[in-house]
Amino acid sequence: MSDDPRDDRARYDQARYVENGQYEPLLSEKDLTRVEIGGDGDEDGGSPLPDELTRDSLELPALSEPELARHYTRLSQMIYGIDSGPYPLGSCTMKYNPKFTEDVAALPKAAVHPDRSERSTQGTLELLYRLQDYLGRIGGMDAVTLQPPAGAAGEFVGIRVAAAYHEHNGEGHRDEVIVPESAHGTNFASAALGGYDVVSLPSDDEGRVDLEALEAALSENTAALMLTNPNTLGLFERDIAEIAEMVHDVGGLLYYDGANLNALLGRARPGDMGFDVMHYNVHKTFATPHGGGGPGAGPVGVVDELAPFLPAPRVREADDSDSRSGEPTYELFDPEHTIGKVHGYQGNWLVLVKAFAYIARLGDEGLADASATAVLNANYLASRIEYEVPYGPFHHEFVASAGDQDAADVAKRMLDHGVHPPTTKWPEIVPEALMTEPTEVESKATLDRLAAAFNAVAAEDDETLEGAPQRTAARRIDQTDAARSPRLSWQALEDDD
Ligand SMILES: Cc1ncc(COP(=O)(O)O)c(C=O)c1O
């Protein structure tokens with residue numbers, strides 16, 4: 001046997017391939033010979049950089065272009081994304097993001113330095129102004145800020161705006177925010193971070209807001225009720241007009257969590273239902289990819305009474321619009337009682353460009369079609385799967401129960417069947433919840449494929465489920481440990497060996 005270390009390496013890699021067909025070594029492991037880029041890189045022998053910032057050599061693996069191309073292609077194939085297949089992650093609206101929005105964001109003119117003057121960035125300001133307007137009209141809100149960078153950030157801003165409004169009206173004693181127990185965790189967190197006591201509201205037997213419990217929870221201390229509609233079970237809160245009246249009667253505000261807006265687009269508006277403040281999850285509803293927690297955007301819309309408290313600056317049409325061309329001009333302004341700035345400049349600009357492009361391309365009709373198809377797809381899929389679906393009828397998503405199976409095992413096993421699993425174990429009112437949102441972008445054939453994956457897993461035994469996933473790049477990981485103590489460097493892995 002040769003004692004060349006490269007032979008050992010090759011045998012090791014081969015063994016890992018056999019053990020797990022998706023194994024891919026690091027570039028530094030792939031080739032043990034090194035190209036040395038030596039010297040200090042300066043003809044005079046000295047580097048312009050201080051000594052502590054320079055090194056004598058940089059060792060790089062000697063790999064060819066095809067080896068590099070294959071390495072990155074293999075890595076890209078080890079991940080599952082919306083461009084690889086259906087992604088029915090309930091409440092997340094993981095819809096395909098049309099590539100034309102990326103093209104628009106990549107236009108050279110989109111790369112504007114945010115410190116340029118208002119006069120030289122009229123196009124940018126116009127886009128922001130028109131997006132404020134689009135979102136306002138879609139939500140039935142009078143004024144919009146584009147600054148918050150995520151849904152949760154939008155919630156926090158909305159709660160701070162509500163607090164500033166109450167304070168301004170001499171109602172600073174209001175110290176409670178009511179949140180239904182089926183709500184997303186960020187609702188509780190935003191209310192608590194905003195300085196409020198959180199009052200949790202039980203659901204009724206049909207999975208909707210329990211009106212008697214709401215009556216009991218409301219008081220002169222209520223600052224707001226936060227509601228998702230359709231709620232996290234995909235059910236429309238049909239008593240919404242009565243709920244709005246009850247909250248307003250005690251002087252509280254009604255907050256709309258816009259994460260589920262994809263169910264209503266172009267058909268119903270939170271503002272018309274009586275909501276006073278809402279956030280939009282641009283990265284769910286308006287075609288921006290979710291990715292590793294960001295970047296996203298969570299604009300906040302409010303009714304007129306709350307507009308003076310929105311973050312600064314916002315964009316408006318200037319009074320001195322160009323008198324020669326008759327074209328409007330745009331300017332930044334600080335709302336009168338603003339809560340201040342919550343993000344650099346106008347927020348995540350390129351995310352906003354994509355949202356603008358998407359809304360402009362779809363138009364009113366396209367948006368209404370999207371929500372109708374999202375609802376149709378969810379109901380079709382719900383009718384095809386063999387797991388029990390305890391509540392209904394649904395809007396854009398449904399929650400099935402894995403019954404005697406563990407929902408987390410079901411999720412892992414679905415990966416082996418080649419599709420992304422639904423959200424699991426939430427909301428808790430459905431035991432072993434499988435919260436499923438196929439979105440409007442999937443065809444009937446894909447929905448049938450998804451249903452087949454659900455039904456295949458439903459018929460499998462515990463041993464198979466507990467051993468899943470078998471066919472993915474990484475097998476079952478300790479999710480808690482991965483989230484709490486992630487090891488993000490290959491050196492850490494090497495230390496383990
Ligand atoms: C119902 C609901 N509200 C709020 C959020 C928070 O949004 P973000 O992830 O953008 O912070 C989510 C996210 O999944 C959600 O599903």
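Before reading on, note that the structure itself is shown above.
As the structure is a computational prediction, the values presented were derived from the model and not from experiment. (Residues numbered from 1 in each chain as written. Predicted model: local features only at pLDDT ≥ 70, side-chain atom pairs only at ≥ 80, totals over all residues. Heavy atoms only, no water.)

(A) Quick peek at the overall build of the protein chain. Of regular secondary structure, the protein chain possesses 17 helices and 14 strands. With the principal axes as the frame, the protein chain shows a C-alpha extent of 85 × 70 × 45 Å. Across the 497 residues of the protein chain, 45% fall into the buried class. In the protein chain, 40 side chains carry a positive charge and 87 a negative one; their mean positions are 7 Å apart. (Helix = DSSP H or I, 4+ residues; strand = E, 2+ residues; numbered from the N terminus. Buried < 20%, exposed > 50% of the residue type's maximum accessible area, 1.4 Å probe, protein only. Lys, Arg positive; Asp, Glu negative; His and termini not counted. Charge placed at Lys NZ, Arg CZ, Asp CG, Glu CD.)

(B) Representation of helix H9 (residues 240-249) within the structure. Among the residues of H9, those classed as buried are Ile240, Ile243, Ala244, Met246 and Val247. Buried residues of H9, viewed axially, fall in a sector of 165°; they line one side. Residues of H9 that are exposed and point over 90 degrees away from its buried face: Ala241, Glu245 and Asp249. Packed against the buried residues of H9 are helix H8 (211-217), strand S6 (222-227), strand S7 (253-258) and helix H10 (270-273). Where H9 ends, the next residue or the one after it, Gly251, has phi of about 85°, a positive value. (Arc of directions from axis to C-beta. Contact = heavy atoms within 4.5 Å.)

(C) Main features of the packing of helix H6 (residues 151-168) against helix H7 (residues 185-193). Across the interface, H6 lies against H7 with an axial gap of 9 Å and an inter-helix angle of 40°. If you check the angle between H6 and H7, you find them oblique. The element H6 and its partner H7 pack so that their crossing is right-handed. Contact residues: Ala152, Glu155, Phe156 and Ile159 in H6; Thr186, Asn187, Ser190, Ala191 and Leu193 in H7. Along the lines of polarity and charge, the residues of the contact of H6 with H7 split into five nonpolar, three polar and one charged. (Axes fitted to C-alpha atoms, helices over the stretch in contact; angles between N-to-C directions. Parallel < 35°, antiparallel > 145°, perpendicular 65-115°, else oblique. Left-handed = near helix turned anticlockwise from the far one by under 90°. Nonpolar A, V, L, I, M, F, W, Y, C, P; charged D, E, K, R; others polar.)

(D) Layout of the pattern of salt bridges. Scanning all chains against the criterion turns up 18 salt bridges. A salt bridge links Arg316 to Glu331; the nearest nitrogen and oxygen atoms lie 2.8 Å apart. With Arg316 in strand S10 (residues 314-317) and Glu331 in strand S11 (residues 330-333), this residue pair connects regions lying 15 residues apart in the sequence. Owing to a relative accessible area of 22%, Glu331 belongs among the partly exposed residues under this scheme. (Salt bridge = Lys/Arg side-chain N within 4 Å of Asp/Glu carboxyl O.)

(E) Molecular detail of the site of the ligand. As a matter of local geometry, the ligand sits amid Ser91, Ala150, Gly151, Ala152, Glu155, His184, Thr186, Asp257, Ala259, Asn281, His283 and Lys284. Between the ligand and His184, the relevant distance is 3.4 Å, taken from an oxygen atom to a side-chain nitrogen or oxygen of the residue. For the ligand, an oxygen atom lies 3.1 Å from a polar atom in the side chain of Asn281. Sorting the residues of the shell around the ligand by element identifies H6 and helix H11 (282-285) as the ones contributing at least two each. Here the shell around the ligand gets three residues from one element, more than from any other, and that element is H6. Here the shell around the ligand is composed, by residue class, of three nonpolar, six polar and three charged. (Near = heavy atom within 4 Å. Polar contact = N/O pair within 3.5 Å; in protein donor to acceptor, adjacent residues only side chain to side chain.)

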